[in-house]
Amino acid sequence: MDTNDSASDSRTPSPASLFVRSVILSPIGGEGLVAQTIRRLGDAIGLGIFDVGARLPSESELAEQLGISAMTLREALAVMREAGYVETRRGRQGGTYVKELALTVPEREAQKRIATITDEYITDLTDYRIAIGGESAALAAERATAEDLAEMRQLVERMDATETFEEFRRCDATFHVTIASCTRSHRLARAETELQAELTPLMGAFRVGPQARHTTNAQHHEILAAIEAGDGERARRLMTEHMASSAEGILGFARAAAGTRS
């Protein structure tokens, strides 16, 4: 049931603001729709289109504007809710509201690092991740041994059961390094290890909750299945989509953090 059926804000938006809103909330498509939705909503919050305390448009309206299903939208909102960027209220004034991001001292320092993130940095990082991770996944489909596959399966299952982000992140990094190690290329394994070392503090700056971890690990399951099946091209494609989805999520959280920092 949609509990958010009224306007998103009591203020009357300017024509320019309405235009920007229409651009940001225009239809999306392709793969990684949840991550793309987080990116769009994060952009809207970061740009002040939805200020702290503002109510977002109804779920049905947002889903229609973005050209996605209600289920996809709810999954994206659940991720943002777990991360502390929005909250859901019930009753006559119920709906999804932009929440002020209350931070601990370590989190505040992490948010300062987030503020330095640029689109160019994420694009460059993602291109490199795709080059290393995509090729590693394709080669792993050809070269992984039964022992390698068992190790990766164990890591994916551990990620399904983790209760903290820190534990999930350790398994996540090891999973990607293990895939690169399956290639038996020292250079690829070293490059992936260095990438994961760079990513860990970046990912640790976000409040990644169970819903986001579930979505991420569902992609891990698919990648592993392609490697187990010996389908290198599918493994490469799925890894590429996984990296692109991760980039959208990072940028979405970064933009939202800029607009909700206390």
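The structure presented is a predicted model; accordingly, all values stated were derived computationally and were not measured.

Rules behind the numbers
Residues numbered from 1 in each chain as written. Predicted model: local features only at pLDDT ≥ 70, side-chain atom pairs only at ≥ 80, totals over all residues. Heavy atoms only, no water. 1 Å grid on protein atoms, 1.4 Å probe; cavity = no way out; pocket = protein on both sides within 12 Å on 5 of 7 lines; lining within 4 Å. Points joined across faces, edges and corners; volume = space filled by probe spheres on them. Helix = DSSP H or I, 4+ residues; strand = E, 2+ residues; numbered from the N terminus. Nonpolar A, V, L, I, M, F, W, Y, C, P; charged D, E, K, R; others polar. Polar contact = N/O pair within 3.5 Å; in protein donor to acceptor, adjacent residues only side chain to side chain.

**Focus on the layout of surface pockets**
It is the rolling of a water-molecule-sized probe over the atoms that shows where space remains empty.
Now for step 1: Empty space within the largest pocket amounts to approximately 320 Å³.
Now for step 2: Every residue lining the largest pocket is counted, 18 residues in all, and those nearest its centre are Glu31, Gly32, Thr215, Gln219 and Glu222.
Now for step 3: The set of elements that each furnish at least two residues to the lining of the largest pocket consists of helix H2 (33-46), helix H4 (70-82), helix H10 (210-228) and helix H11 (232-260).
Now for step 4: The element contributing the most residues to the lining of the largest pocket is H10, with six residues.
Now for step 5: Along the lines of polarity and charge, the residues of the lining of the largest pocket split into six nonpolar, seven polar and five charged.

**Describing the side chain of Asp148**
Now for step 1: Turning to its location among the elements, Asp148 is positioned in helix H7 (residues 146-161).
Now for step 2: A distance of 2.9 Å separates a polar side-chain atom of Asp148 from the backbone nitrogen of Thr145.
Now for step 3: A distance of 2.8 Å separates the side chain of Asp148 from the side chain of Arg184, its partner in a polar contact.

**Let's talk about empty space enclosed by the protein**
Now for step 1: What the rule picks out here adds up to two cavities of 30 Å³ or more.
Now for step 2: What the largest cavity holds in volume is close to 420 Å³.
Now for step 3: In terms of lining residues, the largest cavity is bounded by 26 residues, among which Met203, Ala212, Thr216, Ser245 and Ser246 are the most central.
Now for step 4: For the lining of the largest cavity, the secondary structure elements donating two or more residues are H2, helix H8 (165-182), helix H9 (186-204), H10 and H11.
Now for step 5: Considering every element that reaches the lining of the largest cavity, the biggest residue donor is H11, with six residues.
Now for step 6: Among the residues forming the lining of the largest cavity, the class breakdown is 13 nonpolar, nine polar and four charged.
Now for step 7: Considered as a void within the structure, the second largest cavity measures approximately 30 Å³ in volume.
Now for step 8: Lining the second largest cavity we find Ile122, Leu125, Thr126, Arg129, Leu199, Met243, Ser246, Ala247 and Ile250.
Now for step 9: For the lining of the second largest cavity, the residue count by class is six nonpolar, two polar and one charged.

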